[in-house]
Amino acid sequence: MAIWVARSRNIITQYFLKTKNNCPFDQNYFLFHTNSSYKSRNRFGFLDCQSATFMAFRRFESVRAGEQAEAVAYGNEDGHENQGIDFPGGRVAFTPQMKFISESTDKRIPCYRVLDDDGYSIPGSIFEQVDKETAVKMYKSMVTLQIMDTIFHEAQRQGRISFYLTSTGEEAINIATAAALTPDDIILPQYREPGILLWRGFTLQEFANQCFGTKDDYGKGRQMPIHYSSKEHNYFAVSSPIATQLPQAAGVAYSLKMDNKEACVVAFMGDGGTSEGDFHAGLNFAAVMEAPVLFFCRNNGWAISTPISEQFRSDGVVVKGQGYGIRSIRIDGNDTLAVYSAIHAAREMVIHEQKPILVEALTYRVGHHSTSDDSTKYRPMDEIEHWKTARHPMSKFRKWVQRNGWWTDDEETELRGIIRKQVLNAIQMADKTEKPSLDNLFTDVYDCLPLNLQEQEKSLRETIKRHQQDFPADVPL
Amino acid sequence: MASSLRRIARLSLISRYTSTDGRWNTLRGLSTATDDLNSPNQCWTSNKPVNLFSAINQALHIALETDPRAYVFGEDVGFGGVFRCTTGLADRFGKRRVFNTPLCEQGIVGFAIGLAAMGNRAIAEIQFADYIFPAFDQIVNEAAKFRYRSGNQFNCGGLTIRAPYGAVGHGGHYHSQSPEAFFCHVPGIKVVIPRSPQQAKGLLLSCIRDPNPVVFFEPKWLYRLAVEEVPEQDFMLPLSEAEVIREGSDITLVGWGAQLSIMEQACVEAEKDGISCELIDLKTLIPWDKETVEASVNKTGRLLVSHEAPITGGFGAEISASIVERCFLRLEAPVARVCGLDTPFPLVFEPFYLPTKNKMLDAIKSTVNY
């Protein structure tokens, strides 16, 4: 209750205080009160006691300091009734106690999970039902992502592409999140979320085209490998700077809000990204603007070589939400069903309450940061091995799927053979495809070519004529 | 003393803008040469004298009125803005389209990029150009590359960032700077600076409607000081087109924004000594109109560039280098630069720091007599 009061605006606070004796509301309700009859639109039983208030209380009807908290008796724990100050944002009680708020909670925020390490659903766990077709598609997509990562990584090692970065260990986050969204939801990626594109139909050939920088790459060969973008799939261009997408997400979401779209923005970041100023900017703007953004933090323990113990204090990422007035949840990022259920529920809240949510998924970056990194230099092999085997998200999800009778070892073998062949074919094809032509160096800086670029293109072409040997032969002039 | 002199000097120039004598008509005649560009069907029915912040305000009213997907926001924008540029907008267009943001420049620009990427016109205000630097990453790494990096699948061309810049007589380090050169090093954005109310309105409307992200620096010293007849209706002035605002034959002077009024005074003084100066308002710094400057220097054989920003690495250096490349054999003297000093922008020493009329006059004479 205390948490709720702190996060709520004044009017809501008063509502609760006045009704607290009969409001069926507690922490357990707040976390997840869902059940298998979870299909109806307004299924958040736990919000019933305040949903009317929430829905009526939209950003644009807010709040001037003096108008609030009129003559409502205010009590606090210390029993000092009516001792308070009307202050912008709501009435604040006075207290004679000089109490500092603790720097962290006594207990760490628990982590929502559905499947145990052996792939059994935990008795009493509450989750979104997944049918056979979805479950199998999710598992197959994870296998595809895993094989793509393995072969593309190998291709980089062979010098066929300049760079690569795997999602190994984070397959559940990638695929289960994608599965819980609709294609209309707009993705503002960090860079370790190619599984969303895969789920949405971006083909292995399209991935290869980007990594090889072919003429068929939608980014026209301008960005490093793995910097995918697809307008068709509502997937904004990956950009290397960390967390810059977060304030942008608030702007994209504000547009959805103004257009009354039944969609939200999902903005990804890693644990390191939460230290950036743009993390603060993004969450604060989304909260204040009441923008429908689902902020998804993949807390995989490592920002290149920096462990989270050197990244932040307090209890990780999930607790940061409350400071911004953003509802948040910590989930097991290696539990496919937990990710799927939490994102499904969060999406509903984000869209129908028109406000952001922060999800912290605990996971582990099993691979190196990228092909430019050797993580064995800064973390123990057995730690990596543990997460690669015992805690790997795919192994326990596979157990669950197989136990349901939806998947067999034979199907597994067959699928892996097919995907492997497809990935190799895509790579071979991309390797043979010519690069984008030289004019693509100059276009798209602006909507049309300004004079300085026209001059520079002309000058460069003359240089090329004189010194053709200086330039790559595979770029068509 | 010197500071107030400078202010008076600006005032006298401004009053000349508003007068109906021949000088003003000449200026106006030149500056309206491109006015028919936007709407051949419109005739200019009513030109009222307004100051620069009111001209900006008119442009924002028109931008919001003519495009339901246009938004105006920034720190303290809701009540009309600390410079009153957004007065009346929230009342007329509602708080969904005109609103305050948290005090966070990277947030303002990041939010604006996202909004623009969805096909909206995002008109973001940074309260002072001195405070734009937290947003530098969003402008340089995000806005400027948004179209290029996605192969033109996405763009944030609807983005316009407005920021008051430049000296104001008492602004010290953090209310006076002219940071335009930082942004002129960034392919993918445009940088535009108006010199007067009429220019401000026409150029701002062009920036808002331009399909590329634009940083629009407003000369805050002129917000109230510059008064000029401005057409009430919707009109646009072309970007990347410089304008000869005073014709001359002995030397070309190139500048932008508030500095043009100081340069204008130097031209008038020089004329008394028999030196005929041609004055060019660059207006758009990138991509800039080399051809107009080149043609002028080919005529006069001499060039002086002036800006308030520190001389080293200033945009004057770029103009100087480009014109030397193009007009080397025609130049009769080294290109002169009269700019701010390479110090932080000072308070007490502001009159020493600034590129004043007499500093310019000295440079004009020594260039002509080289």
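Residues numbered from 1 in each chain as written. Chains lettered and ligands numbered in written order. Predicted model: local features only at pLDDT ≥ 70, side-chain atom pairs only at ≥ 80, totals over all residues. Heavy atoms only, no water.

Peer 1: When you look at the layout of surface pockets in this model, what are you seeing that I'm missing?
Peer 2: Sizing a probe to match a water molecule and rolling it over the atoms shows the empty space that remains. When its volume is computed, the second largest pocket comes out at roughly 890 Å³. Lining the second largest pocket are 32 residues, with Asn-452 and Gln-456 of chain A together with Cys-184, His-185 and Pro-187 of chain B sitting closest to its centre. Of all the elements in the fold, those that place two or more residues in the lining of the second largest pocket are α16 (451-466) of chain A together with α8 (180-183), α12 (290-300) and α13 (315-327) of chain B. Per element, the largest residue contribution to the lining of the second largest pocket is seven residues, and it comes from α13 of chain B. Its residues assigned to classes, the lining of the second largest pocket comprises 19 nonpolar, six polar and seven charged. (1 Å grid on protein atoms, 1.4 Å probe; cavity = no way out; pocket = protein on both sides within 12 Å on 5 of 7 lines; lining within 4 Å. Points joined across faces, edges and corners; volume = space filled by probe spheres on them. Helix = DSSP H or I, 4+ residues; strand = E, 2+ residues; numbered from the N terminus. Nonpolar A, V, L, I, M, F, W, Y, C, P; charged D, E, K, R; others polar.)

Peer 1: Hey, could you run me through the pairing of strand β7 (residues 214-219) of chain B in this one?
Peer 2: All names here are of chain B. Most of β7 sits out of view: six of its six residues are buried. Of the two faces of β7, the one carrying Val-214, Phe-216 and Glu-218 and the one carrying Val-215, Phe-217 and Pro-219 are both buried. Note: strand β6 (residues 190-192) against β7, three bridges, orientation parallel. The residue of β7 that forms the bridge with Val-192 is Phe-216. In terms of handedness, the path from β6 via helix α9 (residues 197-209) over to β7 forms a crossover that is right-handed. (Buried < 20%, exposed > 50% of the residue type's maximum accessible area, 1.4 Å probe, protein only. Pairing = 2+ DSSP bridges. Right-handed = clockwise from strand over helix to strand, strands pointing away.)

Peer 1: Would you explain unusual backbone geometry in this entry?
Peer 2: What you tend to see is this: most non-glycine residues have negative phi, and most peptide bonds are trans. A cis amide bond links Ile-286 of chain B with the next residue in sequence, Pro-287 of chain B, at an omega value of -15°. Within the secondary structure, Pro-287 of chain B sits in the loop between β12 (284-286) and α12. Despite not being glycine, Ala-243 of chain A has its phi angle at roughly 75°, a positive value. With respect to the helices and strands, the residue Ala-243 of chain A is situated in the loop between α8 (204-212) and α9 (245-258). A relative accessible area of 0% places Ala-243 of chain A in the buried class. Even without being glycine, Asp-444 of chain A reaches a positive phi, approximately 70°. Mapping Asp-444 of chain A onto the fold places it in the loop between α15 (409-432) and α16.

Peer 1: Sorry, what's going on with the interface of chain A and chain B here?
Peer 2: Size of an interface: often given as the accessible area lost when the parts come together. Every contact between the two is made by 45 residues of chain A and, on the other side, 46 residues of chain B. Around 3,800 Å² of area is buried between chain A and chain B when both sides are counted, 61% of it from carbon and sulfur atoms. Its largest share of buried area at the contact with chain B, chain A owes to Gln-248, Phe-285 and Tyr-446 of chain A, together 18% of the area lost on that side. One can count three salt bridges joining chain A with chain B. Note that Lys-290 of chain B is salt-bridged to Glu-455 of chain A, the shortest N-O span being 3.9 Å. At the junction of chain A with chain B, the criterion picks out 22 residue pairs in polar contact (both at pLDDT 80 or more). Put simply, the parts of the chain that give the side of chain A that touches chain B at least two residues each are α9, α10 (277-289) and α16 of chain A. The element contributing the most residues to the side of chain A that touches chain B is α9 of chain A, with nine residues. (Contact = heavy atoms within 4.5 Å. Buried area = accessible area lost by both parts, 1.4 Å probe. Salt bridge = Lys/Arg side-chain N within 4 Å of Asp/Glu carboxyl O. Polar contact = N/O pair within 3.5 Å; in protein donor to acceptor, adjacent residues only side chain to side chain.)

Peer 1: Could you clarify how one ought to interpret the sheet that holds strand β4 (residues 265-270) of chain A in this entry?
Peer 2: Backbone-to-backbone hydrogen bonds join strands into a sheet, with any given pair of strands oriented parallel or antiparallel. Residue and element names in this part refer to chain A. On the basis of which strands lie adjacent, the open sheet formed by five strands has the order β3-β4-β5-β9-β8 and parallel pairing. Looking along the sheet, the strands with just one partner apiece sit at the ends: β3 (186-188) and β8 (327-332). Each strand of the sheet is rotated relative to its neighbour by a mean of 20°, with strand direction disregarded. As paired elements, strand β5 (residues 293-299) and strand β9 (residues 357-362) share six bridges and run parallel to each other. Bridging from a neighbouring strand, Phe-295 pairs with Leu-358 of β9. Against the sheet, α10 engages β4, β5 and β9, with an angle of about 150° to β5. (Axes fitted to C-alpha atoms, helices over the stretch in contact; angles between N-to-C directions.)

Peer 1: For this particular structure, what's the right way to read the sheet that holds strand β5 (residues 159-165) of chain B?
Peer 2: All names here are of chain B. Taken together, the seven strands give an open sheet; going across it, the order is β3-β2-β4-β5-β7-β6-β12, and neighbouring strands pair in mixed fashion. Each end of this open sheet is capped by a strand with a single partner; those strands are β3 (98-100) and β12. Ignoring which end each strand starts from, the neighbouring axes of this sheet average 20° apart. Summarising the sheet, β5 and β7 pair through six bridges and their orientation is parallel. Across the sheet, Tyr-165 pairs through a bridge with Pro-219, a residue of β7. Together, β4 (121-125), β5, β6 and β7 form the strand contacts of α9, whose direction differs from that of β7 by roughly 165°.

Peer 1: Looking at this structure, I do not really get a nonpolar patch on the surface. What am I missing?
Peer 2: Residue and element names in this part refer to chain A. Together, Ile-85, Phe-87, Val-92 and Phe-94 make up an exposed nonpolar region whose accessible area comes to about 350 Å². Checked against the element boundaries, Ile-85 lands in strand β1 (residues 84-85). Among the residues examined, Ile-85 registers a relative accessible area of 33% and is labelled partly exposed. (Patch = residues over 30% accessible without salt bridge, like charges linked within 9 Å, V, L, I, M, F, W, Y side chains within 5 Å. Areas by Shrake-Rupley, 256 points an atom, 1.4 Å probe, with all protein chains shown as cover.)

Peer 1: Mind showing me how you'd approach the environment of Thr-101 of chain B here?
Peer 2: Assignment of secondary structure puts Thr-101 of chain B in the loop between β3 and α5 (105-117). The spacing of Thr-101 of chain B and Glu-125 of chain B is 24 residues in sequence and 9.7 Å in space, taken between C-alpha atoms. The residues touching Thr-101 of chain B, leaving out its near neighbours within four places in the chain, are Phe-285 of chain A together with Phe-73, Gly-74, Glu-75 and Ile-108 of chain B.

Peer 1: I tried to follow the packing of aromatic side chains on my own but got confused; where do I start?
Peer 2: In this description, a pair of aromatic rings is defined by centroid distance and the angle of the planes. All chains considered together, the criterion is met by 35 aromatic pairs over all chains. A ring pair is formed by Phe-236 of chain A and Phe-146 of chain B, whose centres lie 6.0 Å apart and whose planes are at 75°; its orientation type is edge-to-face. With Phe-236 of chain A in the loop between α8 and α9 and Phe-146 of chain B in helix α7 (residues 146-149), this residue pair bridges two chains. There is no split in this pair, since Phe-236 of chain A and Phe-146 of chain B are both buried. Considering the side-chain rings of Phe-268 of chain A and Phe-296 of chain A, the 5.1 Å spacing of their centres and the 35° angle between planes classify their relative orientation as tilted. Of this pair, Phe-268 of chain A sits in strand β4 while Phe-296 of chain A sits in strand β5, placing them 28 residues apart in sequence. Across the pair, Phe-296 of chain A and Phe-268 of chain A agree in class, each one buried. Stacked on the ring of Trp-199 of chain A, the Lys or Arg Lys-137 of chain A has its end atom at 3.9 Å from the ring centre. A cation sits over an aromatic face here: Arg-403 of chain A above Tyr-120 of chain A, 3.6 Å from the ring centre. (Phe/Tyr/Trp six-rings, centres within 6.5 Å; stacked < 30°, edge-to-face > 60°. Lys NZ or Arg CZ within 6 Å of the ring centre and 35° of its normal.)

Peer 1: Teacher, can you tell me more about the environment of Gly-171 of chain B here?
Peer 2: Residue and element names in this part refer to chain B. Mapped onto the fold, Gly-171 is located in the loop between β5 and α8. Classification of Gly-171 by relative accessible area gives buried; the value is 11%. Between the C-alpha atom of Gly-171 and that of Val-348, which follows or precedes it by 177 residues, the distance is 9.8 Å. Here Gly-171 is in contact with Ser-176, Leu-347 and Glu-350, once residues within four sequence places are set aside.

Peer 1: Any chance you could explain the pattern of salt bridges here in plain terms?
Peer 2: Pairing between side chains becomes possible if they bear opposite charge and their charged atoms approach one another. Summed over the entire model, instances satisfying the criterion amount to 47 salt bridges over all chains. Between Lys-299 of chain B and Glu-278 of chain B there is a salt bridge whose closest N-O contact spans 2.4 Å. In this pair, Lys-299 of chain B is assigned in helix α12 and Glu-278 of chain B in strand β11 (residues 277-281), connecting sequence segments 21 residues apart. Judged by its relative accessible area of 38%, Lys-299 of chain B is partly exposed. Here Arg-302 of chain B ties to Glu-332 of chain B by a salt bridge, and the two come within 3.0 Å at their closest N and O atoms. On the criterion of sequence distance, the pair formed by Arg-302 of chain B in the loop between α12 and β13 (303-310) and Glu-332 of chain B in the loop between α13 and β14 (336-340) is long-range, its members being 30 residues apart. Judged by its relative accessible area of 12%, Arg-302 of chain B is buried. Look at Glu-332 of chain B and you get partly exposed, because its relative accessible area is 42%. Each of Arg-113, Asp-117, Asp-332, Arg-391 and Lys-396 of chain A takes part in a single network of salt bridges with overlapping partners.

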